[in-house]
Amino acid sequence: MEFDALLLSRLQFAFTIAFHILFPAFTIGLAAFLAVLEGLWLWTKRDAFKVLYLFWVKIFALSFGMGVVSGIVLSYQFGTNWSEFIRLTGGVIGPLLAFEVLTAFFLEASFLGVMLFGWRKVGPKLHFTATCLVAIGTSISAFWILSANSWMQTPQGFEIMADGRFQATDFMQVIFNPSFPSRLVHMLLAAFLTTGLVVGAASAYRVLKERNGPAVTGWNESRISLVMAVGLVAVLAPLQLLAGHWSGEVAHEHQPSKTAAIEGYWETRADQPLNLFGIPDRDAQKNHFEVSIPGVGNAIQNVPKDQVIQGLDAWPREDQPPPFIPFFGFRIMVGLGLLMIALGGVGAILIWRRRLFDSPWFLRFCVAMGPSGFLAVLAGWMVTEVGRQPWLVYGVLRTRDAVSPVATAEVATSLIAYITVYSIVFTAGALFILRLMAEGPVAALAEPAPRQDRAPGSALAKAPEDTTPGEGV
Amino acid sequence: MLDLPLIWAGLIATAVLLYVMLDGFDLGVGILFPFAKSKEERDVMMNTIAPVWDGNETWLVLGGGGLLAAFPLAYSVLMPALYLPVLLMLAGLILRGVAFEFRFRARNRGRKFWTQMFAGGSILTALAQGLILGGFIQGVTVQDHRFAGGPFDWLTPYTLLVAAGIVAGYALLGGAWLMMKTKDSLHGDAKRWTLISAAAVGGLLAAVSVATLFIHPRIASRWGFDLGSGFAVDWPTLAPLLAIPALGLIGLWLVVGMARRGSHRWPFAGALLLFLSGYLGLAASFMPYIAPYAVTFRQAAAPDNALGLMLAGTAVILPAILGYTAWVYWVFRGKVDTEAGYH
């Protein structure tokens with residue numbers, strides 16, 4: 001393996017996007033959670049919802065900031081490292097990225113300011129509107145970026161002009177390409193699950209801690225958020241299994257080489273087995289230490305037993321994706337997904353039996369599952385992106401033909417610089433977030449916030465003493 | 001039939017101008033951070049921009065994303081050409097951006113570190129943007145629609161001069177912004193910073209203007225100078241363009257004169273005018289090139305159907321963006337003092 005500009009650019013993209021995806025995966029769900037909390041607070045006037053809002057909005061602000069700065073890197077990296085990709089396909093994929101900026105980034109960035117700093121400046125309903133707009137913005141952003149990424153997986157609605165550049169023939173086909181609906185649903189569910197698992201872990205940690213202190217009888221903040229989180233996981237985790245299966249079916253239809261890599265199929269044949277384990281070996285073109293169940297592979301893919309499913313031998317070697325990462329990434333993702341379903345199912349039973357807060361083993365399980373959403377998201381993205389190789393745009397543009405004409409030393413420099421900066425920034429950010437979580441919702445009350453005299457009963461802030469109130473539009 | 005490439009060139013130029021003006025004062029506040037007297041002063045300085053910086057920075061994402069979408073050829077030539085300065089800018093933007101939250105969350109040593117990162121990140125970003133601008137104006141080497149120069153083409157005495165000018169210019173914007181947004185002793189400091197930066201900007205802008213004439217024969221002839229054989233001036237070409245430096249002089253006068261008369265707002269308007277004049281001067285120099293002096297904006301344009309689709313969307317969305325951006329500035333209008341709490 002030669003460390004040339006191509007390989008280093010791939011490593012750099014993988015590194016920077018892996019860090020970036022963690023934050024949207026968390027903030028998409030967290031923004032919606034905050035909107036729900038603020039809505040419940042306005043509606044029920046219960047203080048607990050206000051405290052929860054004030055607590056989680058701090059974690060949101062930290063995460064969102066890190067998501068913003070790591071996202072800008074990506075929007076410039078397309079040019080610095082993958083300039084041929086943009087030169088050739090910019091006329092097709094560019095509008096999708098531009099619409100993301102126009103419809104989502106401005107909305108999020110502008111109303112985030114009101115959400116974080118507008119307590120004393122706007123009324124409660126307007127503040128709630130700002131929270132909702134930020135939440136909507138994060139989902140719109142997911143819409144466009146998933147559309148662009150899905151087009152790279154299942155391109156359609158374009159033609160290649162005489163000079164090699166791409167031109168759209170139908171933008172509706174570009175945007176709503178075959179893999180887009182299933183991948184958007186899969187990603188949004190993943191984001192909500194990730195948030196639910198983090199909120200659940202932080203809340204379970206506090207509930208566990210409180211077991212050692214003075215007895216808690218009623219519904220304090222951590223108990224409320226724990227039930228909300230476990231309930232969310234109970235509903236969404238099984239749905240995610242279906243969404244993932246849907247996404248897999250689309251891949252099977254449109255990207256058969258990816259499916260073959262995921263399943264570890266080398267041989268094209270009918271009646272494929274289900275490979276549970278193995279070490280895919282590209283040189284030997286087979287799996288070592290294979291553990292498989294014969295006769296059920298076709299059923300998993302939803303096709304009749306006598307139908308032929310392609311194995312990797314259907315493609316010349318230079319067109320095969322490297323199977324190792326898709327094969328294991330997929331199994332890690334599915335394994336974590338099954339654990340999430342277990343968490344939701346057991347949690348739902350415990351809630352129903354009113355035993356949730358008295359089951360330390362389950363609370364510890366919730367804490368342990370805190371990072372599982374992030375891990376599953378990373379594993380899933382590696383499956384889908386490595387599974388697309390050797391193509392950047394599946395079947396049309398190879399990754400190696402898309403790289404910028406830059407020197408290897410330049411890419412090595414930038415990769416080292418990113419690793420250094422990201423290590424500092426994201427270590428610090430993670431520590432700040434973990435510190436807040438360890439303190440729990442009381443942290444919300446310890447800091448300057450809407451003043452006490454106007455909080456109870458009403459909502460966020462009305463600011464009678466402020467001399468420059470901006471009462472809205 | 002609409003001239004789509006021309007409209008898009010105008011839209012992207014506007015986005016970049018808005019970015020430079022809006023994030024310019026954010027970065028300027030960061031550049032001035034080391035000169036503040038106390039933690040409380042730095043808190044207030046940061047609080048004047050905390051609610052709006054993220055929206056301001058988004059214009060940079062629109063500038064980059066818009067260039068990618070509307071002029072993919074220019075984007076794919078410029079980014080590899082400016083690889084290292086873009087890297088420096090992104091590193092600076094990361095450190096500056098997270099410092100808003102981190103400085104507030106950190107304790108003791110950590111706060112000191114993130115204070116330094118906020119200032120350092122802002123200065124690095126400004127320097128890098130100056131190098132990018134300088135490297136852009138002096139032109140890039142292109143062959144077969146691809147960048148074909150070396151990794152350090154952007155590093156010349158000229159680009160260093162432009163970088164110094166951008167740092168001084170952002171400091172001026174930041175100082176004038178703080179004059180408008182603060183009171184008492186901090187306001188007095190801001191006034192001093194503004195006047196010092198204005199002097200630096202006046203000198204550097206003049207130096208950059210003269211140096212730019214020597215960067216490429218095209219620029220000299222665009223301004224009516226013939227520097228090839230001795231020195232000749234074509235007045236009919238030069239005369240109408242003199243309105244641009246005149247605008248700059250008015251801006252400079254607004255900054256200095258009105259600051260001395262005790263105005264809190266006019267210096268900021270003057271600083272914006274000064275930036276507008278510099279921007280127009282450069283735009284007049286390199287139009288119609290979008291990757292000087294190899295690719296024009298027409299050669300780089302995306303297919304018409306892509307430009308048309310984006311224009312339809314932009315026509316609806318951009319007024320909304322401008323509307324709610326103005327509303328956010330309205331909500332956070334007025335002076336900021338130590339009382340203005342975070343979150």
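Everything quoted here is computed from the prediction, not taken from an experiment.

Chemist: What is the right way to read the overall build of chain A from this model?
Modeler: Counting its secondary structure elements, chain A contains 13 helices and eight strands. Its C-alpha radius of gyration of 24 Å places chain A within 12% of the 23 Å reference for a compact globule of 473 residues. In terms of overall dimensions, chain A has C-alpha extents of about 70 × 50 × 40 Å along its principal axes. In chain A, which comprises 473 residues, the proportion classed as buried is 54%.

Chemist: Which parts of the structure should I look at to understand the environment of V396 of chain A?
Modeler: When you line up the elements, V396 of chain A lands in the loop between β7 (391-393) and β8 (397-398). Setting aside residues up to four positions removed in sequence, V396 of chain A forms contacts with P155 and W391 of chain A.

Chemist: For this particular structure, what's the right way to read helix α3 (residues 83-117) of chain A?
Modeler: An α-helix turns once per 3.6 residues; consequently, residues spaced three or four apart project the same way. The end-to-end C-alpha distance of α3 of chain A is 39 Å, clearly below the 51 Å that 35 residues give at a rise of 1.5 Å each. Along α3 of chain A, the largest kink reaches about 95° and is centred on G90 of chain A.

Chemist: Explanation requested: the interface of chain A and chain B in the structure shown.
Modeler: Quite often, the size of an interface is put as the accessible area lost when its parts meet. If you look at the interface, chain A gives 61 residues, while chain B gives 60 residues. Residue assignment for the side of chain A that touches chain B shows that the elements contributing at least two residues are α2 (47-81), α3, β2 (166-168) and α13 (408-439) of chain A.

Chemist: It is not clear to me how the packing of helix α7 (residues 157-181) of chain B against helix α12 (residues 266-286) of chain B should be interpreted in this structure. Could you clarify?
Modeler: Angle between the axes and distance between the axes are the two parameters that describe a pair of packed helices. Residue and element names in this part refer to chain B. Between α7 and α12, the shortest axis-to-axis distance is 8 Å and the interhelical angle comes to 155°. Considering the angle they form, α7 stands roughly antiparallel to α12. Like other packed secondary-structure pairs, α7 and α12 cross with a definite hand, here left-handed. Contact residues: α7 offers G169, L172, L173, A176, W177, M179 and M180, while α12 offers P267, F268, A271 and F275. Across the contact of α7 with α12, the residue classes break down as 10 nonpolar, one polar and no charged.

Chemist: Honestly, the domain arrangement of chain A in this entry has me stumped. Any pointers?
Modeler: All names here are of chain A. Taken domain by domain, chain A consists of domain 1 (1-177 + 407-460) and domain 2 (190-392). Once you take the C-alpha centre of each, domain 1 and domain 2 turn out to be 23 Å apart. Taken together, the contacts link 20 residues of domain 1 with 26 residues of domain 2. Broken down by secondary-structure element, the contributors of at least two residues to the side of domain 1 that touches domain 2 are α1 (5-44), α2 and α4 (124-153).

So, how was this worked out
Residues numbered from 1 in each chain as written. Chains lettered and ligands numbered in written order. Predicted model: local features only at pLDDT ≥ 70, side-chain atom pairs only at ≥ 80, totals over all residues. Helix = DSSP H or I, 4+ residues; strand = E, 2+ residues; numbered from the N terminus. Rg over C-alpha atoms; globule rule 2.2 N^0.38 Å. Buried ≥ 20, exposed ≤ 12 C-beta atoms within 10 Å, placed from the backbone. Contact = placed C-beta atoms within 7 Å. Expected span 1.5 Å × (residues − 1). Bend = angle between axes of the 7 residues up to and from the residue. Axes fitted to C-alpha atoms, helices over the stretch in contact; angles between N-to-C directions. Parallel < 35°, antiparallel > 145°, perpendicular 65-115°, else oblique. Left-handed = near helix turned anticlockwise from the far one by under 90°. Nonpolar A, V, L, I, M, F, W, Y, C, P; charged D, E, K, R; others polar. Domains from an automatic or database assignment.

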